[in-house]
Amino acid sequence: MRTVVMSFSIGILVSTSILAGAYYSTDRELSQEQSTSNHELELSEEKATEYLTERGFMVIDSNEYDELKEEIEQQQALLEEQQEVINQNSSEEELDTQTEKDNDQEQTAIYTLEITDGMSSRDIALELEEANVISDASEFSQYLGENDYSRSIQIGSYVLTSEMSYHQIAITIAN
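Because the structure is a prediction, the values reported are computed rather than measured.

*Asks:* Before we go on, may I ask you to explain the packing of helix 3 (residues 121–130) against helix 4 (residues 137–146) in this structure?
*Replies:* When two helices pack together, their arrangement is given by the angle between the helix axes and by the axis-to-axis distance. Between helix 3 and helix 4, whose axes approach to 8 Å, the crossing angle comes to 140 degrees. When the axes of helix 3 and helix 4 are compared, the pair comes out oblique. Relative to helix 4, helix 3 is oriented so that their crossing is right-handed. The residues of helix 4 that touch helix 3, namely those facing Ser121, Arg122, Ala125, Leu126, Leu128 and Glu129, are Ala137, Ser138, Phe140, Ser141 and Leu144. Tallied by class, residues from the contact of helix 3 with helix 4 come to 6 nonpolar, 3 polar and 2 charged.

Below, the structure written as structure tokens:
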């Protein structure tokens, strides 16, 4: 019986040794994998950048991103200002259209305006008022100045009518 107990004890000792060896060797493999993955994490930014660049993506740092974001915000603000001016001009056109409808009872004046070198926007406005194309020269001159058309007036000959709004006349003579 003693040999049976001894054999049994040796069997338990051998199996415990095998299990311990398997346990500790697995633990080392896991720790080696973790150290390998830590090494890969150190290189992941470079590899990620390379991977994305190869696939057509653009990688930028946070400073470049902030600069681009600021530029976009500035462009959006500029677009909003331009939209505001457009809306304001549309309101003015509606007022001009209403004024034209009120004056529809009068006969439509057709006039060929000759703009020569040295003519000011005030000279043009006075000439159009005399030709009954517009009703108020100072108002039209002010409109040209406020909307930056006075800087763009072109030399030439233009056919204008009293049915045209200030905006339409300004666009015609400013090309």
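*Asks:* How do you make sense of helix 3 when you look at a structure like this?
*Replies:* Since the α-helix packs 3.6 residues into each turn, any two residues three or four apart lie on the same face. Every buried residue belonging to helix 3 is among Ser121, Ile124, Ala125 and Leu128, and all of these are buried. Buried residues of helix 3, viewed axially, fall in a sector of 100 degrees; they line one side. On its buried face, helix 3 is in contact with strand 1 (110–115), helix 4, strand 2 (156–161) and helix 5 (166–174). At the C-terminal side of helix 3, asparagine 132 shows a positive phi close to 65 degrees.

Parameters at a glance
Residues numbered from 1 in each chain as written. Predicted model: local features only at pLDDT ≥ 70, side-chain atom pairs only at ≥ 80, totals over all residues. Heavy atoms only, no water. Axes fitted to C-alpha atoms, helices over the stretch in contact; angles between N-to-C directions. Helix = DSSP H or I, 4+ residues; strand = E, 2+ residues; numbered from the N terminus. Parallel < 35°, antiparallel > 145°, perpendicular 65-115°, else oblique. Left-handed = near helix turned anticlockwise from the far one by under 90°. Contact = heavy atoms within 4.5 Å. Nonpolar A, V, L, I, M, F, W, Y, C, P; charged D, E, K, R; others polar. Buried < 20%, exposed > 50% of the residue type's maximum accessible area, 1.4 Å probe, protein only. Arc of directions from axis to C-beta.

What is shown is where atoms sit, not what they do.
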